[in-house]
Amino acid sequence: LFDLIITFRTGFHRNGELQLDECTIAKHYLKTWFALDFYLLSVDWILISMSVSGTLQDGSLFFRIGRAARLCKVLRITRLKKILDKVVDSNLTAIWRLLTMLGIIVCGILIFSHFLSCMWYVVGKYAP
């Protein structure tokens, strides 16, 4: 829920210019990622209510669709690569450029190991 609210207040770049006008930000967000974010938020709340009421089963189609849709949101992280490239290409000293690249590599390893551990969790949970 907070992600949905914060994104309405987060600026974006258009043609190399930072857009900070709230109306422009809202229109851009509504045209791009809002539908997916709202869908995922709705799925989360429905899954929470179904699990509290005891009507949710792990293998249900609704549960699987919600998990698959979450992957689409994870793909938004690829936008972060563009931002990090701009930071590295900016006028940093050699030591800061090296530290930035080291931080990017460490974060990449952490993300990769997280996904790997999630896959092993699924294998352990659903394997016969």
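Cut-off values and rules
Residues numbered from 1 in each chain as written. Predicted model: local features only at pLDDT ≥ 70, side-chain atom pairs only at ≥ 80, totals over all residues. Heavy atoms only, no water. Helix = DSSP H or I, 4+ residues; strand = E, 2+ residues; numbered from the N terminus. Buried < 20%, exposed > 50% of the residue type's maximum accessible area, 1.4 Å probe, protein only. Patch = residues over 30% accessible without salt bridge, like charges linked within 9 Å, V, L, I, M, F, W, Y side chains within 5 Å. Areas by Shrake-Rupley, 256 points an atom, 1.4 Å probe, with all protein chains shown as cover. Salt bridge = Lys/Arg side-chain N within 4 Å of Asp/Glu carboxyl O. pLDDT = per-residue confidence, 0-100. Phe/Tyr/Trp six-rings, centres within 6.5 Å; stacked < 30°, edge-to-face > 60°. Arc of directions from axis to C-beta. Contact = heavy atoms within 4.5 Å.

Another aspect to go through is the overall build of the protein chain. Across its full length, the protein chain carries six helices and two strands. In the protein chain, the succession of α and β elements from N to C terminus is α-β-β-α-α-α-α-α. When each of the 128 residues of the protein chain is scored for burial, the buried share is 15%.

What follows deals with a nonpolar patch on the surface. On the surface, Ile95, Trp96, Leu98, Leu99, Leu102, Val106 and Leu110 cluster together to form a nonpolar patch covering roughly 730 Å² of accessible area. Relative to the helices and strands, Leu99 resides in helix 6 (residues 94–126). By relative accessible area, which is 44% here, Leu99 ends up partly exposed.

As for its position among the elements, Ile104 is in helix 6. Taking C-alpha positions, Ile104 is 9.9 Å from Asp85, a pair spaced 19 residues apart along the chain.

A few words now on the confidence of the model for the protein chain. Summary statistics for the protein chain give a mean pLDDT of 78 and a share of 74% for residues scoring 70 or more. Confidence, expressed as mean pLDDT per element, reaches its minimum in the protein chain at helix 4 (residues 61–74) with 68 and its maximum at helix 2 (residues 22–31) with 89.

Okay, the pattern of salt bridges next. By the definition in use, this model includes one salt bridge. Measuring nitrogen to oxygen at the nearest pair gives 2.6 Å for the salt bridge that ties Arg9 to Glu22. Taken together, the residues Arg9 in the loop between helix 1 (2–7) and strand 1 (12–14) and Glu22 in helix 2 connect sequence positions 13 residues apart. Judged by its relative accessible area of 60%, Arg9 is exposed.

How two aromatic rings sit relative to each other is set out by the distance from centre to centre and by the angle between their planes. Evaluated as defined, the whole model comprises four aromatic pairs. Of the aromatic side chains, those joined through ring pairs into one cluster are Phe8, Tyr29, Phe34 and Phe38.

Take helix 2 next. Along helix 2, the residues that are buried comprise Thr24, Ile25 and Tyr29. Buried residues of helix 2, seen end-on, are gathered within an arc of 130° and therefore sit on one face of the element. Residues of helix 2 that are exposed and point more than 90 degrees away from the buried face comprise Lys27 and Lys31. Where helix 2 is buried, its residues contact helix 1, strand 1, strand 2 (17–19) and helix 3 (34–53).

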